[in-house]
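# Structure assessment
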Amino acid sequence: MYLTRRKPALYLREDSRSGLFLGILPRKCSIFKLFLTCLLLGFLSMLWLQFSCTGDVKKHEERSPKQPCPPVPRTISEDPSWGPHRLALLIPFRERFEELLSFVPHMHQYLSEKKIRHHIFIINQVDHYRFNRASLINVGFLESGNETDYIAMHDVDLLPLNPELDYGFPEKGPFHVASPELHPLYHYKTYVGGILLLTKQHYELCNGMSNRFWGWGREDDEFYRRIKGAGLQLYRPSGITTGYQTFRHIHDPAWRKRDQKRIASQKQEQFKVDREGGLHSVQYRVESRSELTIGGAPCTVLNVLLDCDMSDTPWCVFN
């Protein structure tokens, strides 16, 4: 009886010891081996990194010349001695953050080196309607205040490279900086897009831009007719020898598709002159106004909600 009772107990103890041996000890050994393996791999990685930095990388640099990093823009404060006039750069904007990071520092340094007093306004459309470049420029004009006396209708993806370009006060009439013989994409004679300078008085005389152009394109062609209708003469650069290399166009059409759809009656309306609407008929609300610094360059961001009269321009939405 005694032996019969003891054998199961003895068997259980041996089984538990066997489980302890097969369960815990091998696990400890596995963790230890894993730890040693990690140390060894880390050591080998450091050796490889050191070898790459001192050997192969140098050989690669000898084969291909090193590309210089773009210079960091200098923060330059405007000086009243630069002149009595002050430029408002009006940038119609929506979801072009990468371009904005390049544009604001570049333009601030470019204009400061030319001693052009300026203020950069980013008019950011935050509503759910289609993009309306002309209306955003109208809003920027109205919100730019009295500290500026002339404007630049300026695309965010077009950077001037030639320091000889004139951004001065266009007293005689509208001055088209991105003229057809210099713009990298658009070369027809009546083109006035990209970069156009006007005094605020001349912009008022044109009644601003038409608010009927939702989507991409055509609004600047209609504005060309407004310039002529107001009896103003259009001026363009002269003596610029850099041709199509005068500007850097940073828009990537494969990455950012343009809204070029023409919906219903929009196809016919886009060629008409808007004789009634314009600067003072734009309907909008400024949701917020922020003073920012991008790469050391100051700018003002206006988050704008445009309004659309669906009975007048139903093509402001896709459906």
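Residues numbered from 1 in each chain as written. Predicted model: local features only at pLDDT ≥ 70, side-chain atom pairs only at ≥ 80, totals over all residues. Heavy atoms only, no water.

### As for the nonpolar core
Side chains of a nonpolar character, in soluble globular proteins, are inclined to be buried together. One finds L87, L89, V104, I122 and Y167 to be the most contacted residues of the largest nonpolar core, which totals 33 residues. Of all the secondary structure elements, the ones that give two or more residues to this core are β1 (87-93), α2 (97-113), β2 (118-125), β3 (150-154), β4 (158-160), β6 (195-199) and β9 (297-306). With six residues, α2 is the largest single contributor of residues to this core. Residue contacts for V104: discarding those within four places in its chain leaves I120, I122, I294, A297, P298 and C299. (Core = buried A, V, L, I, M, F, W, Y, C linked by side-chain atoms within 4.5 Å. Buried < 20%, exposed > 50% of the residue type's maximum accessible area, 1.4 Å probe, protein only. Helix = DSSP H or I, 4+ residues; strand = E, 2+ residues; numbered from the N terminus. Contact = heavy atoms within 4.5 Å.)

### Thoughts on the packing of aromatic side chains
Summed over the entire model, instances satisfying the criterion amount to seven aromatic pairs. For the ring pair Y110 and Y167, a centre distance of 5.7 Å and an interplane angle of 70 degrees mean the geometry is edge-to-face. Here the residue Y110 occupies a position in helix α2, and Y167 occupies one in the loop between β4 and β5 (175-176), the gap between them amounting to 57 residues. The two residues Y110 and Y167 agree in class, both being buried. Connected via pairs of aromatic rings, a cluster forms that spans F141, Y203 and F223. Seen from the ring of F141, K200 lies directly overhead, with NZ or CZ sitting 5.6 Å from the centre. (Phe/Tyr/Trp six-rings, centres within 6.5 Å; stacked < 30°, edge-to-face > 60°. Lys NZ or Arg CZ within 6 Å of the ring centre and 35° of its normal.)

### Regarding the pairing of β1
The buried count for β1 comes to seven of seven residues, which makes it a mostly enclosed element. Residues L87, L89, I91 and F93 of β1 are buried on one face, and the alternating residues A88, L90 and P92, pointing to the opposite face, are buried as well. For β1 and β2, the ladder comprises seven bridges, and the chain directions are parallel. What sits directly across from A88, in β2, is H119. The handedness of the β1 to β2 crossover, carried by α2, is right-handed. (Pairing = 2+ DSSP bridges. Right-handed = clockwise from strand over helix to strand, strands pointing away.)

### Section: α2
The end-to-end C-alpha separation of α2 is 25 Å, in line with the 24 Å expected for 17 residues at 1.5 Å each. Within the span of α2, buried status applies to E99, L100, F103, V104, P105, M107, H108, Y110, L111 and S112. Close packing links the buried residues of α2 with β1, β2, β3, β4, β8 (284-294) and β9. K115 sits one or two positions beyond α2 and adopts a positive phi of about 60 degrees. (Expected span 1.5 Å × (residues − 1).)

### Regarding the pattern of salt bridges
Pairing between side chains of opposite charge can happen when their charged atoms approach one another. Tallied over the entire structure, the rule returns twelve salt bridges. Of the charged contacts in the structure, one is a salt bridge between R226 and D274, with a shortest N-O distance of 3.7 Å. A residue pair is termed long-range when its members are at least 10 positions apart, and R226 in helix α5 (residues 219-229) and D274 in the loop between α6 (266-269) and β8 qualify at 48 residues. Classification of R226 as buried rests on a relative accessible area of 7%. It is possible to trace a salt-bridge network through shared partners that takes in R96, E99 and D157. (Salt bridge = Lys/Arg side-chain N within 4 Å of Asp/Glu carboxyl O.)

### Overview of the sheet that holds β3
Taken in spatial order, the seven strands make up an open sheet running β5-β6-β3-β1-β2-β9-β8, and their pairing is mixed. One side of each edge strand has no neighbouring strand; the edge strands of this open sheet are β5 and β8. The pairing of β1 with β3 spans four bridges and is classified as parallel. Looking across to β3, one finds that L89 is bridged to A152.

### Comments concerning the confidence of the model for the chain
Of all residues in the chain, 74% attain a pLDDT of 70 or more, and the chain-wide mean is 82. Across residues 1-25, where pLDDT falls below 50, the model places four contacts with residues more than four positions away in sequence or in other chains. (pLDDT = per-residue confidence, 0-100.)

### Considering the environment of P80
Mapping P80 onto the fold places it in the loop between α1 (2-63) and β1. Counting along the chain gives 36 residues from P80 to I116, while the straight-line C-alpha distance between them is 9.8 Å.

### Digging into the state of the cysteines
By the definition in use, this model includes one disulfide. A sulfur-sulfur separation of 2.0 Å characterises the disulfide bridge that pairs C308 with C316. On the S-S bond that ties C308 to C316, the torsion sits near -90 degrees, and the link is left-handed. (Disulfide = S-S within 2.5 Å.)

### So, the side chain of D221
Mapped onto the fold, D221 is located in helix α5. At a separation of 2.8 Å, a polar atom in the side chain of D221 contacts the side chain of Y188. Residues within four places of D221 in sequence aside, it is in contact with Y188 and T190. (Polar contact = N/O pair within 3.5 Å; in protein donor to acceptor, adjacent residues only side chain to side chain.)

### Considerations on unusual backbone geometry
If you check the backbone angles, E95 has positive phi at about 50 degrees while not being a glycine. Position of E95 relative to the elements: it lies in the loop between β1 and α2. Note on E95: relative accessible area 63%, which makes it exposed. One non-glycine residue with positive phi stands out, namely K115, at about 60 degrees. If you trace the backbone, K115 turns up in the loop between α2 and β2. The exposed category is assigned to K115, whose relative accessible area is 52%.

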